[in-house]
Amino acid sequence: MTEREYRAIGRLSYSSVKQFLDNRWEYYEKHELKIKKLEEQTYDMAFGTLVETRLWTEQAFGELFVEAQTDKPGGQMGELVEKLYTYTTKCLTPEGIVTRDFTDLLTDAFNAVAFDSKGVKVKFKKKTIEDIILAFTGSEYEKYYREMLENTGKYLVGQADIKLADNCKNYLAKHWRTGDIVTRKTNGRYTVYHQLVILYEYLGVEFKSKLDMVSIDDELKLIEIFDLKITFDVELFNFSYRKFKYYLQAYLYYIAIKRWAQENGLGHYKIAPMKFIVGHSRAEIAPLVFKIRQGNMINARDGFNFDGKRYTGVNEAVEAIKWHRQTNIWDMSKKNFENKGDCNIKIYEDEQMETNKHNVVSGSYSGTRHHASN
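What you are looking at is a predicted structure, and each value in this text was computed from that prediction instead of being measured. Along each chain, residues carry numbers from 1 onward, in the same order as the chain's sequence is written. The predicted nature of this model means local features are confined to residues of pLDDT at least 70 and side-chain atom pairs, given and counted, to a pLDDT of 80 or more, with totals for whole chains, interfaces and linings taken over all residues. As a rule here, side-chain values cover all heavy atoms of the structure and leave hydrogens and water aside.

Enquirer: In this structure, what is going on with the packing of aromatic side chains? I would like to understand it.
Expert: The relation between two aromatic rings is expressed through the spacing of the ring centres and the mutual angle of the planes. Pairing of aromatic rings covers Phe, Tyr and Trp, the last counted by its six-membered ring, and requires centre-to-centre distances within 6.5 Å; plane angles under 30 degrees mean stacked, over 60 mean edge-to-face, and any other angle means tilted. Per the counting criterion, the structure on display carries 24 aromatic pairs. Aromatic pair Phe 304 and Tyr 311: ring centres 4.8 Å apart, planes at 5°, arrangement stacked. Three or more aromatic residues joined by ring pairs form one cluster here, namely Phe 237, Tyr 241, Phe 244, Tyr 246, Tyr 247, Phe 276, Phe 290, Phe 304 and Tyr 311. Note on criteria: charge over ring means Lys NZ or Arg CZ within 6 Å of the ring centre, with the direction from the centre no more than 35 degrees off the ring normal. One cation-aromatic arrangement involves Arg 184 over Tyr 190; the distance from NZ or CZ to the ring centre is 4.5 Å.

Structure, rendered in structure tokens:
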């Protein structure tokens, strides 16, 4: 099945559930209203997919990638071009018409790169937007940006990117921790699938999943699922696991392969929770294999709290999507709707407030000012 055919299947997936949790309205427009929107193309996304393709499915290269005629710009201007492309695709019609003024788009991209969340200028410190417009017009930066737009729907990569991807591929294939996994092929003992598409149902909702690698060990009666991630921060993958909600992916892929095994006469095989193969994007740091355990599966299903933040689990997310579909209410969450739009400000407790509570109880409260925790 091609990537285009897979994307055309109108079912939920890990990425759509993640989008629902990240931005409910964008999810609604794309997946419920079926408004055609161009997929965001970032360098990290393109490079990770490139390594997977060079490693496991090289025959799909032409379907997914186009070789760039212009070298990808690096540094801050490279960030600017990528951000500009992202903003442009958000206002691009299916017919390819840009609905915003280019100068406004470039200004927004400049501000997004130059300033941090507090409004402090951290990049392009000695540059103004006028300087950027002058440097961009007619430059290699503009050529690369135009080339990205002309090839929207495919990843744009250059020879340098392909060389780096091959370095990653070779490092993963030769390293003692990952080599025997990523080079595993179908033989007398193993049956190996790459980019295995599975259609299934969960909690009454139709889902689809595409699994990077599935390995069936007929000797041990064991099915293993592997997903490849390429990153600069191999050893900090626990952070990425939370940030990009990979726990949703781990749980849904487990459910998918469980359904697939039952349908294919392998229901009696043991299914191991998914493993993430995490490789370094410059092949300078050793790859690691991060294992999902039973507790992680419970976290992914039911949600969890970490460092003061709530991470919604698969079940709650799916039930919320079902509620929104049934009520056709998309501009308010189920919880806020049930509370009739009334919300409470959270009480931020610290040591001083605990002291104030004691003073109130003892009758000695003097109105000490409360300092909320950051």
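Enquirer: Is there a simple way to think about the nonpolar core in this case?
Expert: One recurring pattern in soluble globular proteins: nonpolar side chains tend to sit buried together. The term nonpolar core refers to a set of buried residues drawn from Ala, Val, Leu, Ile, Met, Phe, Trp, Tyr and Cys, joined through side-chain atoms within 4.5 Å. For every residue, the accessible area (1.4 Å probe, protein chains only) is compared with the maximum for its type, and the residue is labelled buried under 20%, exposed over 50%, or partly exposed between those bounds. Ranked by size, the top nonpolar core spans 50 residues in total, and within it Ile 198, Tyr 200, Phe 207, Ile 223, Ile 257 and Phe 276 carry the most contacts. Examining the composition of this core, we find that twelve residues originate from one element, helix α13 (residues 246-263), more than from any other. Excluding anything up to four places from it in sequence, Tyr 200 contacts Arg 11, Val 205, Glu 206, Phe 207, Lys 208, Ser 209, Leu 252, Ile 255, Ala 256 and Arg 259. Within the second largest apolar cluster, 27 residues are counted, among which are Tyr 43, Ala 46, Trp 56 and Phe 65. Helix and strand labels come from DSSP, where a helix needs a run of H or I of at least four residues and a strand needs a run of E of at least two; each type is numbered from the N terminus. Contacts: residue pairs with any heavy atoms within 4.5 Å of one another.

Enquirer: Even after reading the chapter, I still don't get the environment of Arg 11, so can you show me in this structure?
Expert: Inspection of the secondary structure assignment puts Arg 11 in the loop between α1 (3-8) and α2 (14-22). The spatial distance from the C-alpha of Arg 11 to the C-alpha of Glu 142 is 37 Å, given a sequence separation of 131 residues. Sequence-distant contacts of Arg 11, defined by excluding residues within four places in its chain, comprise Leu 199, Tyr 200, Glu 206, Phe 207 and Lys 208. Polar contacts involving the side chain of Arg 11 include one to the main-chain carbonyl oxygen of Tyr 200, which spans 3.0 Å. Whenever a nitrogen or oxygen atom comes within 3.5 Å of another N or O atom, the pair is scored as a polar contact, on the condition that within protein one atom can donate a hydrogen and the other can accept it, and that pairs from neighbouring residues in sequence are kept only if both atoms are in side chains.

Enquirer: Hey, could you run me through the layout of surface pockets in this one?
Expert: If you roll a probe as big as a water molecule over the atoms, it shows you where there is empty space left. A 1.4 Å probe that fits into a set of points on a 1 Å grid over the protein atoms alone but cannot get out defines a cavity; an open set with protein on both sides within 12 Å along at least five of seven lines defines a pocket, and lining residues are those with an atom within 4 Å of a point. Grid points are joined across faces, edges and corners, and a volume is the space filled by probe spheres set on the points. By volume, the second largest pocket is sized at about 510 Å³. Around the second largest pocket sit 17 residues that line it, and Glu 316, Ser 333, Lys 334, Lys 335 and Asn 336 are the ones nearest its centre. Going through the elements one at a time, α2, α15 (314-327) and α16 (334-338) are the ones with two or more residues in the lining of the second largest pocket. Here the element with the most residues in the lining of the second largest pocket is α15; it accounts for five residues. Residue polarity follows a fixed list, in which Ala, Val, Leu, Ile, Met, Phe, Trp, Tyr, Cys and Pro are nonpolar, Asp, Glu, Lys and Arg are charged, and the others, Gly among them, are polar. The class makeup of the residues in the lining of the second largest pocket is five nonpolar, six polar and six charged.

Enquirer: Where do I start with helix α6 (residues 75-90) in this structure?
Expert: Count 3.6 residues to each turn of an α-helix, and residues three or four apart come out pointing the same way. Relative to the 22 Å expected for 16 residues at 1.5 Å per residue, α6 spans 23 Å between its end C-alpha atoms, a close match to the ideal helical length. For α6, every residue scored as buried is listed here: Met 77, Gly 78, Leu 80, Val 81, Leu 84, Tyr 85, Thr 86, Thr 88 and Thr 89. Those residues of α6 hidden inside the fold are in contact with α7 (102-114), α8 (129-136) and α9 (140-150). What a helix should span is 1.5 Å times the count of its residues minus one.

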